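# What the coordinates show
For reference, the chains in residue letters:
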Amino acid sequence: MLRTVVKQIGEIVPDFKEENLLILFGPEAPPELKDISVIHEVDENPNGAIVEGGVLEVGTQVYQISKVGSLANKNFEELGHLSIYFNDDESMELLPGAILVSPGVYPEIQEEDSIIFKK
């Protein structure tokens, strides 16, 4: 299990609700990306924590991880960066640094919420 805590929610993050997209970045995110990102801090080394068939919890909401892009774990480990698509369509094409989760319901998210990945 890997737990990370939401520290800041960028001003533009709510605009991505239409696309069911949530963008995570670690605290070192460049200023130009902070407006579109949820800034979070990880408790420990992520080390391959994101797996297909795993579980993602955002606050009190629970999701099944359907697909994991080829660079998702690497980007998350190095930058705290991850694009999360909330979509039930498993045929959706993913960018390498993204994951697909279902159900396709955008989460309610607040500062100090936990984001948890379970294998």
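It should be emphasised that the depicted structure is a prediction, and the values quoted were computed from it without experimental measurement.

### Here we look at the environment of Val-13
Mapping Val-13 onto the fold places it in the loop between strand S1 (2–9) and strand S2 (21–25). Overall, the relative accessible area of 4% leaves Val-13 in the buried class. Spatially, the C-alpha atom of Val-13 lies 11 Å from that of Leu-33, the residues being 20 residues apart in sequence. Discounting residues that sit within four places of it in the chain, Val-13 has contacts with Leu-22, Asp-35, Ile-36, Ser-37, Val-38 and Tyr-106.

### Focus: helix H2 (residues 72–79)
Within H2, the full set of buried residues consists of Ala-72, Asn-73, Asn-75 and Phe-76. The buried residues of H2 occupy an angular sector of 165 degrees when projected down its axis, which confines them to one face. Phi for Gly-80, located one or two positions after H2, is positive at around 70 degrees.

### Quick word on the sheet that holds S1
If you trace the 8 strands once around the closed barrel, you get S1-S3-S2-S6-S7-S5-S4-S8, paired in mixed fashion. When the angles between neighbouring strand axes are averaged without regard to direction, this sheet yields 35 degrees.

### Focus: the packing of aromatic side chains
Under the counting rule described, the total for this entry stands at 3 aromatic pairs. Ring geometry for Phe-76 versus Phe-117: centroids 5.4 Å apart, planes at 65 degrees, classification edge-to-face. Highlighted residues: Phe-76 in helix H2 and Phe-117 in strand S8 (residues 114–118), separated in sequence by 41 residues. For Phe-76, a relative accessible area of 2% puts it in the buried group. Residue class for Phe-117 comes out buried when judged on its relative accessible area of 1%. Among the aromatic residues, those joined into a ring-pair cluster are Tyr-63, Phe-86 and Tyr-106.

### Here's the deal with a negative patch on the surface
A cluster of like negative charges, contributed by Glu-52, Asp-88, Asp-89 and Glu-90, occupies part of the molecular surface. Considering the arrangement of structural elements, one finds Asp-88 in the loop between strand S6 (82–86) and strand S7 (98–102).

### Brief notes about the UniProt feature "modified residue: Phosphohistidine" (unreviewed entry) in the chain
On the UniProt side, "modified residue: Phosphohistidine" (unreviewed entry) is annotated at positions that read His-40 here. Tracing the backbone through its elements, the reader meets His-40 in strand S3 (residues 38–42). For His-40, a relative accessible area of 1% translates into the label buried. Residue contacts for His-40: discarding those within four places in its chain leaves Thr-4, Val-5, Val-6, Lys-7, Leu-24, Phe-25, Gly-26, Pro-27, Phe-76 and Gly-80.

The rules behind each value
- Positions within a chain are numbered from 1, following the residues in the order the chain's sequence is written.
- Thresholds applied to this predicted model are a pLDDT of at least 70 for local features of residues and 80 or more for the giving and counting of side-chain atom pairs; totals over whole chains, interfaces and linings are not thresholded and use all residues.
- Water and hydrogen atoms play no part in the side-chain values, which are based on all heavy atoms of the structure.
- For helices the rule is a DSSP run of H or I covering at least 4 residues; for strands it is a run of E covering at least 2, with both sets numbered from the N terminus onward.
- Think of it in three bands: residues with accessible area under 20% of the maximum for their type are buried, residues over 50% are exposed, and the middle band is partly exposed, with areas taken using a 1.4 Å probe on protein chains only.
- Whether two residues touch is decided by their heavy atoms; if any such pair falls within 4.5 Å, the residues are in contact.
- Throughout, the arc means that of the directions going from the helix axis to the C-beta atoms.
- Strands pair, by our definition, only if DSSP identifies at least two bridges between them.
- Note on method: axes are straight lines fitted to C-alpha atoms, helices fitted across the in-contact stretch only, with angles between N-to-C directions ranging 0 to 180 degrees.
- Stacked, tilted and edge-to-face are the three classes assigned to paired rings of Phe, Tyr and Trp, where Trp is represented by its six-membered ring and a pair needs centres within 6.5 Å; plane angles under 30 degrees give stacked, over 60 edge-to-face, the rest tilted.
- Any residue with relative accessible area above 30% and no salt bridge may belong to a patch, with like charges joined within 9 Å and the nonpolar Val, Leu, Ile, Met, Phe, Trp and Tyr side chains within 5 Å.
- Each accessible area value is a Shrake-Rupley result obtained with a 1.4 Å probe; residue values ignore everything except the protein chains displayed when judging cover.
- Salt bridge criterion: a side-chain nitrogen from Lys or Arg within 4 Å of a carboxyl oxygen from Asp or Glu.
- His is not counted, nor are the chain ends; Lys and Arg add positive charge and Asp and Glu add negative charge.
- Just so you know, the charge point we use is NZ for Lys, CZ for Arg, CG for Asp and CD for Glu.
- UniProt positions are given in the numbering used here, feature names are shortened, and annotations may be inferred rather than shown by experiment.

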